[in-house]
Amino acid sequence: MELNGKLRLGCIGGGMIANAAHVPAYVELREEVALTALYSPRKETAETTRQNYLEQMAQAGAEPDWEVRVCDSFEELLGLSDVVDICTPTRYHAWYAQRALEAGVHAMSEKPIARNYLEAKRLAQAAQGTKALYQLNDDNVFLPRYQHIRNVLACGEIGEITSLTLTRGTPSSDRNDWFFDPMSGGGAILDYGSHAVMGAWFLLGFDKIPRRVRAIDIRVKERTRFIRGRLREIETDDDAHFKILFENPANGDFITAVLEATWSWPDLAENASDTHGYIRVDGTQGWLTSCFDEKDREYLVVHRFAGGERRIPIQSYRSETLSFRDEIWNFLRSIRQGVPSMIDAQVGATAAQIITGAQMSQLMGRRTVDLDEVEPYCLRFDDGSGDMLQISDGIALNLTRPYRREG
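The residue numbers shown here count from 1 along each chain, following its written sequence. Reporting of local features is limited, given that this is a predicted model, to residues whose pLDDT is at least 70; pairs of side-chain atoms are given and counted only at 80 or more, and all residues count toward the totals for whole chains, interfaces and linings. In computing side-chain properties, one takes all heavy atoms of the structure into account and sets aside hydrogens as well as water.

What follows deals with the overall build of the chain. The secondary structure content of the chain amounts to 11 helices and 17 strands. Throughout, the radius of gyration refers to the C-alpha atoms, and the reference size of a globule is 2.2 Å times the residue count to the power 0.38. Here the C-alpha atoms of the chain give a radius of gyration of 21 Å, agreeing with the 22 Å that 2.2 N^0.38 yields for 407 residues. Counting only C-alpha atoms and orienting by the principal axes, one finds that the chain spans roughly 65 × 50 × 45 Å. Using a 1.4 Å probe on the protein chains alone, a residue whose accessible area is under 20% of its type maximum counts as buried, one over 50% counts as exposed, and one in between counts as partly exposed. Looking at the 407 residues of the chain, the share that counts as buried comes to 58%. Only heavy atoms enter the contact rule, under which two residues are in contact if any of them lie within 4.5 Å. When contacts within the chain are restricted to residue pairs at least 6 apart in sequence, those whose partners lie at least 24 apart make up 71%. The method behind every accessible area is Shrake-Rupley, applied with a 1.4 Å probe, and residues are considered shielded solely by the protein chains displayed. Summing over all exposed atoms, the chain offers an accessible surface of approximately 16,500 Å²; the carbon and sulfur share of this is 48%. On the chain, the mean spot of the 46 positive side-chain charges and the mean spot of the 59 negative ones are 3 Å from each other. Secondary structure elements follow DSSP: runs of H or I of four or more residues count as helices, runs of E of two or more count as strands, with numbering from the N terminus. Asp and Glu are treated as the negative residues and Lys and Arg as the positive ones, with His and the ends of the chain left uncounted. The location of each charge is read from NZ of Lys, CZ of Arg, CG of Asp or CD of Glu.

Another aspect to go through is the sheet that holds strand β7 (residues 161-169). Where strands meet in a sheet, backbone hydrogen bonds hold them as pairs that are either parallel or antiparallel. Strands are labelled as partners when DSSP assigns at least two bridges between them. Read from one edge to the other, the open sheet built from 9 strands follows the order β16-β15-β14-β13-β7-β12-β11-β8-β17, with strand pairing classed as mixed. Each edge of the open sheet is held by one strand with a lone partner, namely β16 (309-313) and β17 (369-370). Judged from the 5 bridges that link them, strand β15 (residues 298-304) and β16 form a sheet pairing that is antiparallel. The residue bridging Val301 from the neighbouring strand is Arg311, located in β16.

We now examine the nonpolar core. We call a set of buried residues a nonpolar core when its members are Ala, Val, Leu, Ile, Met, Phe, Trp, Tyr or Cys and they connect through side-chain atoms within 4.5 Å of each other. Counting 96 residues, the largest nonpolar core has Phe74, Val84, Tyr134, Leu164, Leu203, Phe242 and Leu259 as the members making the most contacts within it. The greatest single-element share of this core, amounting to 12 residues, is contributed by helix α7 (residues 188-204). Contacts of Leu259, omitting those with residues within four sequence positions, involve Leu164, Leu166, Ala196, Val197, Ala200, Ala240, His241, Phe242 and Ile244. Tyr26, Val83, Ile328 and Leu332 belong to the second-largest nonpolar core, a separate cluster that totals 28 residues.

Attention now goes to the side chain of His93. Here His93 shows up in helix α4 (residues 93-102). Pairs of N or O atoms within 3.5 Å make up the polar contacts considered here, provided that, within protein, one atom can donate a hydrogen while the other can accept it, and that residues adjacent in sequence are counted only when both atoms are side-chain atoms. Engagement of the side chain of His93 in a polar contact is seen with the backbone oxygen of Thr88, the distance being 2.8 Å. Within the structure, His93 has its side chain in polar contact with the backbone oxygen of Glu110 (distance 3.0 Å). Dropping the residues within four chain positions of it, His93 is found in contact with Ile86, Thr88, Ser109, Glu110, Lys111, Pro112 and Ile113.

A word on the pairing of strand β10 (residues 230-233). The pairing of strand β9 (residues 224-227) with β10 spans 4 bridges and is antiparallel. When the sheet's bridge partners are listed, Ile227 is paired in β10 with Arg230.

Its place among the elements puts Leu245 in strand β11 (residues 239-247). Leu245 sits 201 residues away from Glu44 along the chain, and the two C-alpha atoms are 46 Å apart. In contact with Leu245, not counting residues within four places along its chain, are Ile209, Pro210, Arg211, Arg212, Phe254, Ile255 and Thr256.

Attention now goes to the packing of aromatic side chains. Ring pairs (aromatic) are described by centroid distance and by the angle formed between their planes. What counts as a ring pair is set by centres within 6.5 Å for rings of Phe, Tyr and Trp (its six-membered ring), and what kind of pair is set by the plane angle: stacked under 30 degrees, edge-to-face over 60, tilted for all other angles. Overall, the coordinates contain 10 aromatic pairs when judged by the stated rule. Judged by centre distance (5.4 Å) and plane angle (65°), the rings of Tyr377 and Phe381 are edge-to-face. Exposure remark for Phe381: the relative accessible area of 22% places this residue in the partly exposed category. Following the ring pairs from residue to residue traces out a cluster consisting of Phe74, Tyr92, Trp95 and Tyr96. Geometrically, a charge over a ring is one whose NZ (Lys) or CZ (Arg) sits within 6 Å of the ring centre while staying within 35 degrees of the ring normal. Lying across the ring of Trp95, Arg99 places its NZ or CZ 4.3 Å from the centre. One residue, Arg311, lies across the ring of Tyr299, its end atom 5.7 Å from the ring centre.

In structure tokens:
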């Protein structure tokens, strides 16, 4: 039930991503969406987010004429929402999204879609069994750079694609404690690795089929960190290098993607940030990358093996604020038009399959893992309880075993 022609939105969680990224988007998209409900296990967190939203709406000269309720339960929030925005720690992404879809409520969640493939597959199955839509909110895909590169590659500017290199991350400990927890966060490979996998696959085209994955090295590079006022040793990876073999179903050809996801200093590029992240794509006739000139204008640069260089000026986002807005806008329009998002639950589940496979590869001495091996591995931890959180806790503890002191 819409509110004055606007979709009613319920937000779960009230941390940095909700307040610094999503609330401003709700305000900017206020003609399409009304924040009606907030829920967090810590009620004061939801109340802080409510105040933030009301203050930003007031600053925009658009104070809401509806109640923004802080809910006592997730079930209460569902009853007040047409669409749910899940901004919780990673441990709860799939758990809340699946419950929303089963209740017939549209759901979008922050990346990664889940901690492992089993969680993600069950969410994808829930999405198939309902008319409600799901979107994985990977805002990097909404940076204009990615869209420009995807289009240039599709036009054949460098011939047939042979390989791709992409690095994402920032050398920082300035994130919430839960990121560094093996069960709640899961490490850099789940954080920036999700961006890297989704970005690479988007550039190549979702028609390409990921077949195999291999860890180059997933490790703890900077174990001692000062995190939210406490000096500590982390127990998750903070630097993940891995590669994916994609198949082109049109001709059986293959493409290799080499990815870096890091909370440390990037090895593959000087700058791996959101707005300057390094991308290079090689083809049969040349190679492509992006760059900024002395006036900080962004270009795609096409180098041809036969000689010559072409610079293509492109639109540039200097902040993820705009890409966060665009990802939410995209899902709202998808709901309005009844058209699934390009980044739906099935795409998200396959991305989770790739990441779980890379973690398995590291555990197995960095041997190549066929993606068909991933689900049987995960099912080893299914204790029959039906408690997906508990089952996934076991998977998470095993996958992060190499990065703990006792591992």
